[in-house]
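Remarks on the overall topology
The primary structure of each chain is shown beneath.
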Amino acid sequence: MKELVEVIAKALVDNPDEVVVNQKEDGRNITIELHVAATDMGKVIGKQGRIAKAIRSVVKAASSKDNKRVDVEII
């Protein structure tokens, strides 16, 4: 899941070198933290959070086959 979020985020931002993705696992729960440059924050979140919601939907769909619960946090 970490790689999926990283590929999506790097495609959206102007500074792909500053994209950092961390993954924390706790049993069936996985938390993915996405760090981007301050200037790229709006591009990752999108108007009214639409892009962030789309990223979360894609990750949720990809994780459903593994029976894991994945949360994506944009920091």
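Provided above is the structure to which this section pertains.
In this report, we go over the structure that sits alongside the text. Please read these numbers as outputs of a predicted model, since none were measured by experiment.

With that out of the way, let us pick up the sheet that holds strand S2 (residues 29-35). Pairing in this open sheet of three strands is mixed, and the strands run S1-S2-S3 from one edge to the other. What marks the edges here is a single partner per strand, and that holds for strand S1 (20-26) and strand S3 (69-74). Direction aside, the axes of adjacent strands within the sheet are offset by 20° on average. Relative to S2, S1 is paired through seven bridges, and the arrangement is antiparallel. Across the sheet, the residue bridging to Gln23 is Ile32, located in S2.

It is the contact of helix H1 (residues 2-12) with helix H3 (residues 50-63), at a shortest axis distance of 10 Å, that shows an interaxial angle of 155°. Judged by the angle between their axes, H1 and H3 are roughly antiparallel. Crossing geometry of H1 relative to H3 is assigned as right-handed. Here H1 contributes Leu4, Val5, Ile8 and Leu12 to the contact with H3, which in turn contributes Ile51, Ile55, Val58, Val59 and Ala62.

The rules we used
Residues numbered from 1 in each chain as written. Predicted model: local features only at pLDDT ≥ 70, side-chain atom pairs only at ≥ 80, totals over all residues. Heavy atoms only, no water. Pairing = 2+ DSSP bridges. Helix = DSSP H or I, 4+ residues; strand = E, 2+ residues; numbered from the N terminus. Axes fitted to C-alpha atoms, helices over the stretch in contact; angles between N-to-C directions. Parallel < 35°, antiparallel > 145°, perpendicular 65-115°, else oblique. Left-handed = near helix turned anticlockwise from the far one by under 90°. Contact = heavy atoms within 4.5 Å.

Purely geometric stuff here, so don't read any function into it on its own.
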